[in-house]
Amino acid sequence: MSDRRKLAILLLIGLSLVILYVVVGLDVAILSYALPRRISKVLAILLTGAAIGFSTTVFQTVTTNRILTPSIMGLDSLYLLNQTLVLFFFGSTSIFLVNSQLNFMLTVVTMVLFSGILFRFLLAGEKREIYLLLLVGVIAGTLFQSLSSFLQMVLDPNEFLVVQNSMYASFNNVKSNLLPLSSALVVGFTLYAVRYVNVLDVLALGREQAVNLGVDYEKVVMRLLMVVAVLVASVTALVGPITFLGILVVNLAREMLRSFKHRYLLLASSLLGMIALVGGQFLVERVLHLASPVSVMINFVGGLYFIFLLLRGNYA
Amino acid sequence: MIKVVDVVKRYGAVKVVDGVSLTIPKGKITSLIGPNGAGKSTLLSIISRLLARDSGSVYIDGKELAQWGSKDLSRKISILRQSNHIDLKLTIRELVSFGRFPYCQGNLSEEDWGIVDRALEYLQLTEIQDKYLHQLSGGQRQRAYLAMVIAQDTDYVFLDEPLNNLDMQHAVEIMQILRSLVRELGKTVVLVIHDINIASCYSDYIVALQDGQVVGEGCGEEIMEESLLKKIYKLDFCVGQINNQRVCVYYN
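Residues numbered from 1 in each chain as written. Chains lettered and ligands numbered in written order. Predicted model: local features only at pLDDT ≥ 70, side-chain atom pairs only at ≥ 80, totals over all residues. Heavy atoms only, no water.

1. Description of the overall build of chain B
When you go through chain B residue by residue, the secondary structure sums to 10 helices and 12 strands. A compact globule built from 252 residues would reach a C-alpha radius of gyration of about 18 Å, and chain B, at 18 Å, matches this within 12%. By principal-axis analysis of the C-alpha atoms, chain B measures approximately 55 × 40 × 35 Å. Counting every position in chain B, which comprises 252 residues, the buried fraction comes to 54%. When the accessible surface of chain B is summed, it comes to about 11300 Å², and 47% of that surface belongs to carbon and sulfur atoms. The centroid of the 28 positive side-chain charges in chain B is displaced by 4 Å from the centroid of its 31 negative side-chain charges. (Helix = DSSP H or I, 4+ residues; strand = E, 2+ residues; numbered from the N terminus. Rg over C-alpha atoms; globule rule 2.2 N^0.38 Å. Buried < 20%, exposed > 50% of the residue type's maximum accessible area, 1.4 Å probe, protein only. Areas by Shrake-Rupley, 256 points an atom, 1.4 Å probe, with all protein chains shown as cover. Lys, Arg positive; Asp, Glu negative; His and termini not counted. Charge placed at Lys NZ, Arg CZ, Asp CG, Glu CD.)

2. Looking at the nonpolar core
In terms of nonpolar packing, the biggest core is built from 176 residues, with Leu203(A) and Leu178(B) touching the most fellow members. Residue contributions to this core peak at 17 residues, all from helix 11 (residues 217-239) of chain A. The contacts of Leu203(A), once residues within four sequence positions are left out, are Thr61(A), Val62(A), Thr64(A), Ala210(A), Val215(A), Tyr217(A), Val220(A), Val221(A) and Leu224(A). Core analysis: the next-biggest nonpolar cluster, separate from the first, contains six residues, Leu248(A), Tyr305(A), Phe306(A) and Leu309(A) among them. (Core = buried A, V, L, I, M, F, W, Y, C linked by side-chain atoms within 4.5 Å. Contact = heavy atoms within 4.5 Å.)

3. Looking at the sheet that holds strand 3 (residues 29-33) of chain B
Residues and elements named next belong to chain B. Strand order in this open sheet of six strands is 6-7-8-3-9-10, and the pairing throughout is mixed. Bordering the open sheet on either side are strand 6 (77-80) and strand 10 (213-218), each of which pairs with just one other strand. Going from strand to strand, the sheet's axes swing by 15° on average, the running direction of each strand aside. Note that strand 9 (residues 205-210) and strand 10 share five bridges and pair antiparallel. Within strand 10, the position partnered with Ala 208 by the bridge is Gly 216. (Pairing = 2+ DSSP bridges. Axes fitted to C-alpha atoms, helices over the stretch in contact; angles between N-to-C directions.)

4. Focus on helix 14 (residues 294-312) of chain A
Residue and element names in this part refer to chain A. A rise of 1.5 Å per residue sets the reference length of helix 14, with its 19 residues, at 27 Å; its end C-alpha atoms lie 27 Å apart and thus fit the reference within 8%. For helix 14, the complete set of buried residues consists of Val 294, Ser 295, Ile 298, Gly 302, Gly 303, Tyr 305, Phe 306 and Leu 309. In this structure, the buried residues of helix 14 make contact with helix 12 (245-256) and helix 13 (262-287). (Expected span 1.5 Å × (residues − 1).)

5. Let's talk about the pattern of salt bridges
Counting across every chain of the model gives 20 salt bridges over all chains. Note that Lys219(A) and Asp216(A) form a salt bridge whose closest N and O atoms lie 3.5 Å from each other. With relative accessibility at 43%, the residue Lys219(A) sits in the partly exposed group. Residue Glu285(A) is joined to Arg286(A) by a salt bridge in which the shortest nitrogen-to-oxygen separation is 2.7 Å. Residue Glu285(A) shares its accessibility class with Arg286(A), and that shared class is buried. It is possible to trace a salt-bridge network through shared partners that takes in Lys26(B), Asp61(B), Lys76(B) and Asp155(B). (Salt bridge = Lys/Arg side-chain N within 4 Å of Asp/Glu carboxyl O.)

6. Examining the confidence of the model for chain A
With 95% of its residues at a pLDDT of at least 70, chain A reaches an overall mean of 85. The secondary structure element of chain A with the lowest average pLDDT is helix 4 (residues 95-98) of chain A, at 74, and the one with the highest is helix 9 (residues 197-203) of chain A, at 94. (pLDDT = per-residue confidence, 0-100.)

7. Observations concerning unusual backbone geometry
Phi at Asp61(B) takes a positive value of approximately 50°, unusual for a residue other than glycine. Within the fold, Asp61(B) resides in the loop between strand 4 (55-60) and strand 5 (63-64).

8. Some remarks on the packing of aromatic side chains
Taken as a whole and judged by the stated rule, the model has seven aromatic pairs over all chains. A centroid spacing of 5.3 Å and a plane angle of 70° characterise the contact between Phe114(A) and Phe144(A), whose relative ring orientation is edge-to-face. In this pair, Phe114(A) is assigned in helix 5 (residues 100-123) and Phe144(A) in helix 6 (residues 130-154), connecting sequence segments 30 residues apart. Overall, Phe144(A) belongs to the buried group, its relative accessible area being 11%. Through a chain of ring-to-ring contacts, three or more aromatic side chains come together here, namely Tyr233(B), Phe237(B), Tyr250(B) and Tyr251(B). Over the ring of Tyr103(B) we find Arg100(B), and its NZ or CZ is 4.1 Å from the ring centre. (Phe/Tyr/Trp six-rings, centres within 6.5 Å; stacked < 30°, edge-to-face > 60°. Lys NZ or Arg CZ within 6 Å of the ring centre and 35° of its normal.)

9. Examining the interface of chain B and chain A
At the interface, 34 residues of chain B touch 25 residues of chain A. Together chain B and chain A conceal approximately 2300 Å² of surface at their shared face, both sides included; 51% is due to carbon and sulfur atoms. Seen at the junction of chain B and chain A, the total is two salt bridges. Between Arg81(B) and Glu208(A) there is a salt bridge, with the nearest N and O atoms lying 3.3 Å from each other. Remark: the boundary between chain B and chain A carries 11 residue pairs in polar contact (both at pLDDT 80 or more). For the side of chain B that touches chain A, the secondary-structure elements that each account for two or more residues are strand 1 (2-11), helix 2 (70-74), strand 6, helix 3 (92-97), helix 4 (101-104) and helix 6 (138-152) of chain B. Here the side of chain B that touches chain A takes four residues from strand 6 of chain B, the largest share from any one element. (Buried area = accessible area lost by both parts, 1.4 Å probe. Polar contact = N/O pair within 3.5 Å; in protein donor to acceptor, adjacent residues only side chain to side chain.)

10. Quick notes on the sheet that holds strand 1 of chain B
All names here are of chain B. Strands sit in the order 2-1-4-5 across an open sheet of four strands; the sheet is antiparallel. Because the sheet does not close on itself, it has two edges, and the strands there are strand 2 (14-24) and strand 5. Each of strand 1, strand 2 and strand 4 touches helix 1 (residues 40-47); the most contacted strand, strand 2, lies at about 60° to it.

11. Focus: the state of the cysteines
Cysteine pairs can be linked by a disulfide, which is a covalent bond between their two sulfur atoms. Residues and elements named next belong to chain B. Inspection of every chain in the model, using the stated rule, returns zero disulfides over all chains. Free of any disulfide, Cys 201 has its nearest cysteine sulfur in Cys 248, 9.5 Å distant. Of the cysteine sulfurs around Cys 248, a residue in no disulfide, the closest is that of Cys 238, at 8.8 Å. (Disulfide = S-S within 2.5 Å.)

12. As for the pairing of strand 12 (residues 245-249) of chain B
Residue and element names in this part refer to chain B. Here five bridges tie strand 11 (residues 238-242) to strand 12, and the two strands are oriented antiparallel to one another. The residue of strand 12 that forms the bridge with Ile 242 is Gln 245. Adjacent in sequence and paired antiparallel, strand 11 and strand 12 are bridged by two residues, among which Asn 243 carries a positive phi angle near 50°.

13. A look at helix 5 (residues 110-122) of chain B
Residues and elements named next belong to chain B. Taking 1.5 Å of rise per residue, 13 residues should cover 18 Å, and helix 5 covers 18 Å from first to last C-alpha, within 8% of that figure. Turning to helix 5, its buried residues number three or more, namely Asp 112, Ile 115, Val 116, Ala 119 and Leu 120. Down the axis of helix 5, the buried set is contained in an arc of 140°. They therefore lie on one face. Exposed side of helix 5, more than 90 degrees from the buried face: Glu 110, Glu 111, Arg 118 and Glu 121 are the residues found there. A positive backbone phi angle near 55° is found at Gln 124, which sits one or two residues after helix 5. (Arc of directions from axis to C-beta.)

Shown next, in the form of structure tokens:
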């Protein structure tokens, strides 16, 4: 089966899942309320799935590593710390929490700034050790996590409930007023990155080959990493942290396609991200009746797959 | 012509390349020889802009490295390093097609594919062009990368230990290809090499390095000289003439 064909099939599966999700169990009596609500929810899900698939592919290619995801670099914990800090210092009724747009902007800016500093580690110095980036990211992540837990301990239990909600990604209470802003960010930066689709093929060969073939390596990599940061920050601020989804869909995409070309890989991983999330959310809502948030399921499946990748040992 | 002027590279307090100046002649095979840690690979990486230098200049056809745009430079020089292990599902043909990236940014025209085909043919890879890289033997993989460099069609080709892990037959095969690159296609080849007998027989010009400094340069006969080799490698050499070529024995 050709790669185009596979992509077409993925697209079909995705579309049918979306229709299924929107239509099944729709209460016709309150159609004018329920339909727009479902549509904005499904849009948020699609946006998240696509952004995570896209950004993880770019990130893995740039770092030439198949088990990394941008969220492992402490971004998820930073998001949590951010929410906890705001709650701790300003309380649950502060404008930073009540005004979701302001909260969104604040979160995105902090996360992009942090990523910018972190990625400097990757590009600074002679060796450009990926392990240094990984180490710094993991250590920073742990620090953020401990700080959050500590602050959460001393929080008022009622306030803690607020922060608990943001600990797992959830599409059940997507704030539809954030959708235009986050879509604009995600779509805009994705379109910008699409210009580099052929360059990404070359970057997959590693730094030396990329330089040899005339890629202005440091500049291009920094730009691509900043796109990754914006995408991840936007969707995390929109729905919360989904650590393992990226690894899951990108590796599935690589297994599925014959081609190494990013014009296919990026599409496939974005589509797979959307399928996983829409399908997952459909199961969670209609089958499990909201017994668990979708991110718990995704992280469970993704975690298992991650272990499988490690055991198989083919992840360099 | 490549001109290297007073290039210095430090790692911490150690000067790995210590004020190297040399001129690499055009249309010739030039070999960089010397013991481990002499700075050969570092020097090659600096000349091919993979590594930043601390001071000094490198002129390629009269223009300083920093003055070249990355795209123009990639049509002028190409570099192949020893570690070429990538975990990608790539066929030989796909790898070789990357050589055209500097010209077409990944959108290959008929003409580009023609050049890819000719590069494959030149290295006798046409029959196995659809094999994946990880299915290849060391010699085949080395040839595949060489084909990519040939498709890149640059005036200057830099190779860092291209004979690494190759047996005698494949090593000679690679050296013959390099010689034909120079003779038939008019390329300039610069390589780092450990086997000084191969260096002596195949190169037009040899540069000997020791502790980051140039300790000798010239044609094979000037370098293949017992006292100079003894000074560089700290071994007793016995240099002789076989088939009109200088070779040495240093095992005892």
